[in-house]
Amino acid sequence: MNDRGLPVSFVADAAAEGGYEARAAATGHVATRDANWHDLFNALVWLRYPRIKAAMNARHCNEIDNRPGGDRGPVRDALTQFDEDGLVLVTDDATLIDALRAHRWREALFERRLSVERATLHVIGHALMEKALAPHFGLCAKALYLHADEAPIDAKQLDDWLAARIADGRWPQSPRDLKPLPVLGLPGMTPANTDPAYFDDSRQFRPLPAKRR
């Protein structure tokens, strides 16, 4: 269901009057091209996290209605980035979250590797899924880091929890609410990340900018 209670269906005719978001909200029709990985993954995320997707769609439409003149604004920019490349990491290791937010990549992804392996990763970004078919150097997710005490781990519960925060405007407010996560640093993504020196390459594992420390 979309935010208006209409059943969601995936339709092949991609030319939607009023744009993708407006049509999905007004009719429940999600434009989906045949034989297209990007749109297939989008459909799968709708099926896995229906309330998150519906809440993002409704928030997009609300922003469109309240920001005349074609100005996207920071909320829509954040929603789009999360929709395309979003990932939610839920862990009971507060030190891991601190290290990730501070871009202490070797500490987070190598020294605390077991915590990363035990964490629950919810992949929301359908473009991120497509890119993961052939991961490229520098592949980066737009992440939300949550402690297990503040957010559920179960997919359905997280779907309800995060959708409520998107719907009431608590999150996101701007792209700054999304944190970069170098995907090739995650366990299993490349054999190279079993070497601690892998995380010293600042082209991929960038330090936190000084003004944001």
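Coordinates for the structure precede this section.
On a predicted model such as this, the values are computed, not experimentally measured, just so you know.

Engineer: I'd love a proper account of the environment of Thr95, names of residues and values included.
Structural biologist: Structurally, Thr95 can be placed in helix α5 (residues 94–101). Its relative accessible area of 35% is what places Thr95 among the partly exposed residues. Placed 17 residues apart in sequence, Thr95 and Arg112 show a C-alpha to C-alpha distance of 8.8 Å. Beyond its immediate chain neighbours, meaning those up to four positions away, Thr95 contacts Glu107 and Arg112.

Engineer: Can you tell me about α5, naming the residues and giving the values?
Structural biologist: The set of residues buried in α5 consists of Leu96, Ile97, Ala99 and Leu100. Down the axis of α5, the sector holding all buried residues measures 165°, keeping them to one side. Two or three places before Thr95, at the opening of α5, Asp93 has a side-chain oxygen 3.0 Å from that residue's backbone nitrogen. Directly beyond the C-terminal end of α5, a positive phi value near 60° is found at His103.

Engineer: Provide a residue-level description of the sheet that holds strand β6 (residues 179–182), including the pertinent values.
Structural biologist: The mixed open sheet is built from four strands, whose spatial order is β4-β3-β5-β6. Both outer strands of the open sheet, β4 (120–123) and β6, are each paired with one neighbouring strand and no more. In this sheet, adjacent strand axes meet at a mean angle of 40° when their direction is disregarded. Of the pairings in the sheet, the one linking strand β5 (residues 140–147) to β6 comprises four bridges and is antiparallel in character. By the bridge assignment for β6, Ala143 is matched with Lys179. Strands β3 (86–91) and β5 of the sheet are contacted by helix α4 (residues 73–85), whose axis makes an angle of about 75° with β3.

Engineer: How would you summarise α4 if you had to cite specific residues and measurements?
Structural biologist: Between its first and last C-alpha, α4 extends 18 Å over 13 residues, near the 18 Å set by a 1.5 Å rise per residue. For α4, every residue scored as buried is listed here: Gly73, Val75, Arg76, Ala78, Leu79, Phe82, Asp83 and Asp85.

Engineer: I'd love a proper account of the packing of aromatic side chains, names of residues and values included.
Structural biologist: Here the structure, examined in full by the defined rule, presents six aromatic pairs. For the ring pair Trp37 and Phe41, a centre distance of 5.5 Å and an interplane angle of 20° mean the geometry is stacked. With a gap of four residues between them, Trp37 and Phe41 both fall in helix α2 (residues 37–48), about one helical turn apart. Residue classification places Trp37 among the partly exposed residues on the basis of a relative accessible area of 48%. Taken together, a centroid distance of 5.0 Å and an interplanar angle of 85° make the contact between Phe82 and Trp171 edge-to-face. Of this pair, Phe82 sits in helix α4 while Trp171 sits in the loop between α9 (155–167) and β6, and the two are 89 residues apart along the sequence. Under the relative-accessibility criterion, Phe82 is labelled buried at 0%. Taken together, the ring pairs connect Phe110, Tyr198, Phe199 and Phe205 into an aromatic cluster.

Engineer: Summarise the nonpolar core; cite the residues concerned and give the values.
Structural biologist: By size, the foremost hydrophobic cluster in this structure holds 23 residues, and its most contacted members are Leu89, Leu100, Leu109, Tyr145 and Leu181. Of all the elements in the fold, those that place two or more residues in this core are β3, α5, α6 (105–111) and β5. Ranked by the residues each element gives to this core, the list is headed by α5, at four residues. Ignoring any residue separated from it by four or fewer positions in sequence, one finds Leu109 in contact with Leu100, Val116, Leu181, Pro182, Gly185, Leu186, Phe199 and Phe205. If you look at the next biggest cluster of nonpolar residues, it comprises 22 residues, including Ile52, Leu79, Val88 and Leu144.

Engineer: Mind laying out the side chain of Asp159, listing which residues take part and the relevant values?
Structural biologist: Among the structural elements, Asp159 can be located in helix α9. One buried charged residue, Asp159, forms no salt bridge at all, with the nearest opposite charge on Arg51 at 5.6 Å. A distance of 3.1 Å separates a polar side-chain atom of Asp159 from the backbone nitrogen of Arg51.

Engineer: Please provide a residue-by-residue account of the pattern of salt bridges, values included.
Structural biologist: Opposite charge on two side chains permits them to pair, given that their charged atoms come into close proximity. Applying the stated criterion across every chain yields a total of 13 salt bridges. For Arg33, the salt bridge is made with Asp39, and the minimal N-O distance between the two is 2.8 Å. Its salt-bridge partner being Asp160, residue Lys156 comes within 3.5 Å of it at the nearest N-O pair. On the criterion of helical spacing, the pair formed by Lys156 and Asp160 is a turn pair, its members being four residues apart in helix α9. Since its relative accessible area comes to 57%, Lys156 is described here as exposed.

Rules behind the numbers
- Residues numbered from 1 in each chain as written.
- Predicted model: local features only at pLDDT ≥ 70, side-chain atom pairs only at ≥ 80, totals over all residues.
- Heavy atoms only, no water.
- Helix = DSSP H or I, 4+ residues; strand = E, 2+ residues; numbered from the N terminus.
- Buried < 20%, exposed > 50% of the residue type's maximum accessible area, 1.4 Å probe, protein only.
- Contact = heavy atoms within 4.5 Å.
- Arc of directions from axis to C-beta.
- Polar contact = N/O pair within 3.5 Å; in protein donor to acceptor, adjacent residues only side chain to side chain.
- Pairing = 2+ DSSP bridges.
- Axes fitted to C-alpha atoms, helices over the stretch in contact; angles between N-to-C directions.
- Expected span 1.5 Å × (residues − 1).
- Phe/Tyr/Trp six-rings, centres within 6.5 Å; stacked < 30°, edge-to-face > 60°.
- Core = buried A, V, L, I, M, F, W, Y, C linked by side-chain atoms within 4.5 Å.
- Lys, Arg positive; Asp, Glu negative; His and termini not counted.
- Salt bridge = Lys/Arg side-chain N within 4 Å of Asp/Glu carboxyl O.

In short, the description is geometric, and any link to function would need to be established separately.
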